[in-house]
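Summary of the model geometry
Spelled out from the first residue to the last, the chains are:
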Amino acid sequence: FSNTMKLRRFLLRYYPPGIILEYDLRDKTREMKEIDLLHLTTDTDVEVLVNQIVFEEPLISEKKKPQLRRLIYKLIEKLEQKEANDFYLFKILRAHILPLTNCAFNKSGDKFITGSYDRTCKVWNTITGDELLTLEGHRNVVYAIAFNNPFGDKIITGSFDKTCKLWNSDNGDLYHTYRGHATEIVCLSFNPMGTTIATGSMDNTARLWDVETGECVHTLLGHTAEIVSLNFDTHGSRIITGSFDHTIKIWDTRNGRVAHTLSGHHGEISSTQFNYSSDLCISGSIDRTCKIWDVASGQCVHTLRGHNDEILDVSFNSTGSKLVTASADGTSRVFNTMTGACQSILIGHEGEISKVAFNPPGTRILTASSDKSARIWDVDTGDCLQILEGHTDEIFSCAFNYHGDTIITGSKDNTCRIWKN
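What comes next concerns the included structure. Each residue is numbered by its place in its chain's sequence as written, counting from 1. The predicted origin of the model limits local features to residues at a pLDDT of at least 70 and limits the giving and counting of side-chain atom pairs to 80 or more, whereas totals for whole chains, interfaces and linings rest on all residues. With hydrogens and water stripped out, all remaining heavy atoms of the structure feed into the side-chain values.

1. Notes on the sheet that holds strand β2 (residues 18-25)
At least two bridges found by DSSP between two strands is the condition for calling them paired. Secondary structure counts use DSSP, requiring at least four H or I residues in a row for a helix and at least two E residues in a row for a strand, with both numbered from the N terminus. Pairing is antiparallel across the open sheet formed by 3 strands, whose spatial order is β1-β2-β3. Pairing within the sheet leaves two strands with one partner each, and these edge strands are β1 (5-13) and β3 (30-36). Geometrically, the sheet is characterised by an average inter-axis angle of 25° between neighbouring strands, direction not taken into account. Of the pairings in the sheet, the one linking β1 to β2 comprises 8 bridges and is antiparallel in character. Paired with K6 across the two strands is D24, which belongs to β2. Throughout, a contact is declared for two residues whenever any of their heavy atoms are within 4.5 Å. Axis definition: a line fitted to C-alpha atoms, over the contacting stretch in the case of helices. Angles run 0 to 180 degrees between N-to-C directions. Sitting on the sheet, helix α2 (residues 65-80) touches β1 and β2, and the angle it makes with β1 is about 20°.

Below is the structure:
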């Protein structure tokens, strides 16, 4: 086994913690293998872990132990890092004349994109605040947008004109226009490999498209109302869709068939996500609950209650050990994924919270609210650490970059604000 494969190098992955092995097969093709260390903590016994990895992983020989040990200590050092100070307002971008719909970072955070009712998507340089490109061609609102992270060389835009367009993020060239949906496209995503695009529409279907050829590979049929949320799992082998028909569906991306229909919510679904291990997924609903589901069986593991208004967004931390819910009741709640216990309630906003996100290390939570502010919270205590003020209308979009040192907020005041610490 090990004679046919040669380890070339180790790569570190900070969020979630892991080590990536780059190796060559006998025919010189290069492959990657990931060793997930999702349970790594500052108290981990490193010697035990090193021995276990070397024992289980044929690619890593005894003499690689010192190198492996150093890498694990580096990951632990990252976990121990004290959070930097407050975020400060770095730039205000008057992005579009008409309202913004969404904003998103590339992986490194040096570029971000904005979609708008003006029918364009704009690409921005985060550092300078300069507009790099305007992607023009849609005939209606550009609603859903995404980079093909981690690569970042392509952008997809989904529009109320029923089409999705694939662009070169460096020069703005249009690669493909994906046609086939009968009504507005409201959600979309690249698979993790960047080879497939998924789009979800008000026509009750989702579609999988080939990045290279521009063809529709599968139409995901089965929902009886609009699809408003979709996500790939970590391996790209499954996709989750959340619908106004009160159900969530898990699909096999290879054949476009439904693996499970997750029933039990009593209202429209607003948000869905897989955890990093892709063995669990979550759904938020206007029925005021969030449900945790077992992906293999399709069974509901926990129903998380406590909000007294609609849940508008749900999100896992990078390892999947915790999740956070955002509600129209103006609060967010942090839950332990395994036990389903609520571990803190984030109280302070004066309006509904439409978006919520963990920072990559999982120590902070960012919330965006209709009260015109975004807030940063301590995950463990639930304390509000900072209020990001200045927008003059509701904030509907917020995101951290991969390093967690830059935040973007998008508001109905037609500006994007970049915050740095």
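2. Some thoughts on the sheet that holds strand β10 (residues 154-159)
One open sheet holds the 4 strands; their spatial order is β9-β10-β11-β12, and the pairing between them is antiparallel. Only two strands of the sheet have a single neighbouring strand rather than two, namely β9 (142-147) and β12 (174-178). Strand-to-strand, the axes of this sheet are offset by a mean angle of 15°, without reference to chain direction. Note that strand β11 (residues 164-168) and β12 share 4 bridges and pair antiparallel. Following the sheet pairing, C164 is matched in β12 by Y178.

3. Thoughts on the packing of aromatic side chains
Aromatic ring pairs: the centre-centre distance and the angle between the two ring planes describe each pair. Two rings from Phe, Tyr or Trp (for Trp, the six-membered ring) form a pair when their centres are within 6.5 Å of each other. A pair whose planes differ by under 30 degrees is stacked, one over 60 is edge-to-face, and the rest are tilted. Tallying each qualifying case throughout the model produces 7 aromatic pairs. Here F105 and F112 contribute two aromatic rings whose centre-to-centre distance is 6.2 Å and whose plane-to-plane angle is 70°, an arrangement assigned as edge-to-face. To sort residues, take the accessible area from a 1.4 Å probe on protein chains only and compare it with the maximum for the residue type: under 20% means buried, over 50% means exposed, and anything in between is partly exposed. Among the residues examined, F105 registers a relative accessible area of 8% and is labelled buried. According to the relative accessible area criterion, F112 is buried, its value standing at 0%.

4. Examining unusual backbone geometry
With omega at -10°, the peptide bond leading from Y15 into P16 counts as cis. Topologically, P16 is positioned in the loop between β1 and β2. Along the chain, N149 connects to P150 via a cis peptide bond; the corresponding omega equals 10°. Phi at H246 takes a positive value of approximately 80°, unusual for a residue other than glycine. Mapped onto the secondary structure, H246 falls in the loop between β18 (238-243) and β19 (248-252).

5. Some remarks on the pairing of strand β23 (residues 290-294)
Burial runs high along β23: 4 of the 5 residues are buried. Two strands pair when backbone bridges link them, and strand β22 (residues 280-285) and β23 are joined in this way by 5 bridges, in the antiparallel orientation. Considered in β23, the bridge of S283 is made with K291. Where β23 meets strand β24 (residues 300-304), 4 bridges bridge the pair, whose relative direction is antiparallel. Paired with C290 across the two strands is L304, which belongs to β24. Count of turn residues in the β23/β24 antiparallel hairpin: 5 residues, of which G298 carries a positive phi of about 80°.

6. Topic: the pattern of salt bridges
Every case where a carboxyl oxygen of Asp or Glu lies within 4 Å of a side-chain nitrogen of Lys or Arg is listed as a salt bridge. This structure, assessed with the given rule, holds 16 salt bridges. The salt bridge partner of D36 is R13, with a shortest N-O separation of 2.7 Å. Here D36 is found in strand β3, whereas its partner R13 is found in strand β1, with 23 residues between them in sequence. Residue D36 is classed as partly exposed on the basis of its relative accessible area of 40%. Bridged by salt links that share partners, the residues R8, R9, E22, D24 and R30 form one connected network.

7. Thoughts on the nonpolar core
Side-chain atoms within 4.5 Å link the members of a nonpolar core, which is a set of buried Ala, Val, Leu, Ile, Met, Phe, Trp, Tyr and Cys residues. Core analysis: the largest hydrophobic core is formed by 21 residues, its most contacted members being I19, L37, L68 and I72. Where this core is concerned, the elements lending two or more residues are β1, β2, α1 (46-56) and α2. Ignoring anything within four residues of it in the chain, the contact list for L37 reads P17, G18, I19, L49, I53, I72 and L75.

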